[in-house]
Amino acid sequence: MSDLSEELTRPVTEDEQVETSVLSGTGMHIPWLQKRIETVVTGGKKKKDFAQTTSACLNFIQEALLKHQWQKAAEYMHSYFQTLEDSDSYKKQAAPEIIWKLGSEILFYHPKSNVESFNTFADRMKNIGVMNYLKISLQHALYLLHHGMFEDANRNLSEAETWRYSEKSSSQEILINLIQAYKGLLQYYTWSKKKMELSKLDKDDYAYSTATRNMLNHSWKTSVNLCALIQIPGVWDPFVKSYVEMLEFYGDKDGAREVLSNYAYDEKFPANPNAHIYLYDFLKREKAPREKLLSVLKILHQIVPSHKLMLEFHTLLRKSEKEEHHKLALEVLFGVLDFAECTKNITAWKYLAKYLRQTLIGNHLAWVQEEWNSRKNWWPSFHFSYFWAKSDWKEDKALAYEKAFVAGILLGKGCRYFCYILKQDHQVLRKKIKRMKKSVKKYSIVNSGL
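Being a predicted model, the structure only gives us computed values, none of them experimental.

Draft legend 1. Spotlight on the overall build of the chain. Secondary structure summary: the chain contains 24 helices and zero strands in total. A total of 450 residues make up the chain; the buried ones form 46% of that total.

Draft legend 2. Inspection of a positive patch on the surface at higher detail. Positive charge collects at one region of the surface, where K431, K434, R435 and K438 lie side by side. Note that K434 resides in helix α24 (residues 430–443). On the accessibility criterion, K434 (55% relative accessible area) is exposed.

Draft legend 3. The arrangement of the side chain of N177 in detail. Checked against the element boundaries, N177 lands in helix α10 (residues 170–199). If sequence neighbours within four positions are ignored, N177 has contacts with N225, A228, L229 and I232.

Draft legend 4. Inspection of the environment of T54 at higher detail. If you trace the backbone, T54 turns up in helix α4 (residues 50–66). Excluding its chain neighbours within four sequence positions, the residues that come into contact with T54 are Y80, Q82, T83 and D86.

Draft legend 5. View of the packing of helix α13 (residues 253–265) against helix α14 (residues 273–285). One can describe the packing of α13 onto α14 by two numbers: an axis separation of 8 Å at closest approach and a directional angle of 150°. For the element pair α13 / α14, the angle class is roughly antiparallel. Here α13 and α14 pass one another in a crossing that is left-handed. Every residue of α14 that contacts α13 at K253, A256, R257, L260, S261, Y263, A264 and Y265 is listed here: A275, H276, Y278, L279, F282 and L283. By residue class, the composition of the contact of α13 with α14 is 10 nonpolar, two polar and two charged.

Draft legend 6. Quick look at the packing of aromatic side chains. For the structure shown, the criterion picks out 26 aromatic pairs. Here W349 and F384 contribute two aromatic rings whose centre-to-centre distance is 5.9 Å and whose plane-to-plane angle is 65°, an arrangement assigned as edge-to-face. Pair noted here: W349 is in helix α18 (residues 346–361) and F384 is in the loop between α20 (379–383) and α21 (386–395), with a separation of 35 residues, a long-range link. Members of the aromatic cluster, joined through ring pairs, are F334, W349, W372, W378, W379, F382, F384 and Y417. Geometry around Y133 places K126 over its ring, the cationic atom sitting 5.9 Å from the centre.

Draft legend 7. View of unusual backbone geometry. You will see that H68, though not glycine, has its phi angle at about 60°, which is positive. Tracing the backbone shows H68 in the loop between α4 and α5 (70–80). Positive phi outside glycine occurs at K287, with the angle close to 55°. Mapping K287 onto the fold places it in the loop between α14 and α15 (290–303). Using a relative accessible area of 73% as the deciding quantity, one classes K287 as exposed.

Draft legend 8. Here's a closer look at helix α9 (residues 150–161). Counted at 1.5 Å a residue, the expected span for α9 with its 12 residues is 16 Å, and the 16 Å between its end C-alpha atoms agrees. Regarding α9, the residues found buried are A153, N156, L157, A160 and E161. All buried residues of α9 project into a common sector of 140° when viewed along the axis, lining one side.

Draft legend 9. Summary view of helix α22 (residues 397–411). For α22, which comprises 15 residues, the first-to-last C-alpha distance of 20 Å matches the rise-based estimate of 21 Å (1.5 Å per residue) to within 8%. Of all the 15 residues making up α22, 12 are buried; the element is thus mostly covered by neighbouring parts of the structure. Regarding α22, the residues found buried are L399, A400, Y401, E402, K403, A404, F405, V406, A407, G408, I409 and L410.

Draft legend 10. Structural view of the pattern of salt bridges. This model, assessed by the stated rule, comprises 18 salt bridges. Measuring nitrogen to oxygen at the nearest pair gives 3.8 Å for the salt bridge that ties E286 to K253. Of this pair, E286 sits in the loop between α14 and α15 while K253 sits in helix α13; the two residues are 33 residues apart in sequence, bridging distant segments of the chain. The closest approach of N and O atoms between D338 and R375, which form a salt bridge, is 2.9 Å. With a gap of 37 residues between them, D338 in the loop between α17 (323–336) and α18 and R375 in the loop between α19 (365–373) and α20 connect regions that are remote in the sequence.

Draft legend 11. Broad picture of the environment of H426. Along the chain, H426 turns up in the loop between α23 (416–422) and α24. Classification of H426 as partly exposed rests on a relative accessible area of 22%. Through-space distance from the C-alpha of H426 to that of K397 is 9.2 Å; in sequence the pair is 29 residues apart. For H426, the residues in contact, after removing those within four places along its chain, are W393 and K397.

Rules behind the numbers
- Residues numbered from 1 in each chain as written.
- Predicted model: local features only at pLDDT ≥ 70, side-chain atom pairs only at ≥ 80, totals over all residues.
- Heavy atoms only, no water.
- Helix = DSSP H or I, 4+ residues; strand = E, 2+ residues; numbered from the N terminus.
- Buried < 20%, exposed > 50% of the residue type's maximum accessible area, 1.4 Å probe, protein only.
- Patch = residues over 30% accessible without salt bridge, like charges linked within 9 Å, V, L, I, M, F, W, Y side chains within 5 Å.
- Areas by Shrake-Rupley, 256 points an atom, 1.4 Å probe, with all protein chains shown as cover.
- Salt bridge = Lys/Arg side-chain N within 4 Å of Asp/Glu carboxyl O.
- Lys, Arg positive; Asp, Glu negative; His and termini not counted.
- Charge placed at Lys NZ, Arg CZ, Asp CG, Glu CD.
- Contact = heavy atoms within 4.5 Å.
- Axes fitted to C-alpha atoms, helices over the stretch in contact; angles between N-to-C directions.
- Parallel < 35°, antiparallel > 145°, perpendicular 65-115°, else oblique.
- Left-handed = near helix turned anticlockwise from the far one by under 90°.
- Nonpolar A, V, L, I, M, F, W, Y, C, P; charged D, E, K, R; others polar.
- Phe/Tyr/Trp six-rings, centres within 6.5 Å; stacked < 30°, edge-to-face > 60°.
- Lys NZ or Arg CZ within 6 Å of the ring centre and 35° of its normal.
- Expected span 1.5 Å × (residues − 1).
- Arc of directions from axis to C-beta.

Spelled out as structure tokens, the structure:
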């Protein structure tokens, strides 16, 4: 049995409470702590207020955790166990979950902790708080997975899967589905390894047919475990991806499409950008018509206008024959560059520089004006200041050129960003800068009176 877990969970005896401070070999034994807490909450009086004592101890633990003082937090936890004897029934019922969450955090980071310590603590907490048995089992399994102990994690999940307490409640049912789904992920991991092995075998080899049968067996078990969970409203990205991969592998394209469509479009599920990304990637693999691809990306654009797929969305819109799509293509590019994480995206600036010119040549000045009017008060300082001109030219001259072209179109030849780049004498970009100067003079929306 782990000394660390033993020290963390064992009760404090009366003899220990009157001893002076003596640390044990593990550094977890702190008989002086009770006196300190009583002094804090009672001003040195002998009478102990139980509620204030445990509250003060919890504050000490939280402070230690915030400061990453794992040793000190473990010492306070040793005393906090007395909250399990609280006369307040609500606090007594909530105590096991609080102790588990704090204790598991401490044991995860404590320098003297190990897998044995965590296992011992988890097993004890399962018995102390039976209502938290499933939650603790699941978190325990995830801890084991984090340490690469797949067999132990699977065994832990199997034990939890068959556990019942009183009548099965709806919350228990969801947790059991989640536990079964994580078992499914472990089975998917095994299936995925067999899939890699299968790809290296000759199809005429006897080992190939044996491996195929084993994969079918694993995929059936995985499907059963994953299917129940992904029908419950929630965010189940890794489970959905794994399930769809297996469906595709066995040729069930319709099943995969149905799963992904439900995940993306079912109103009972929370808004989830990944759901639309998975559906788009699947439709793209299936070489679906452009209209279907556009319909998926249009929703993604509304949720995450700065997503990297928006440049792909822009390209698809430009290929469309509908004018409304061409107008949206311009809106998409402006939308991408509204976000700080995209300010250095040279592809986005190239696309915008090129498409601005094409839009103006096509006599769609109103489209540009519509996008620019909502940005003209903040884009100049956000993108086109003198500071950014110097910085961009120093870091990435190609990026600076594309931005300068856009700045000249939107703000005219008097723009500080445009002027700074125009004055730079760079051998490679010299001809491009001259062409940029002519284009800005011709197409600038400032010169067009807009």
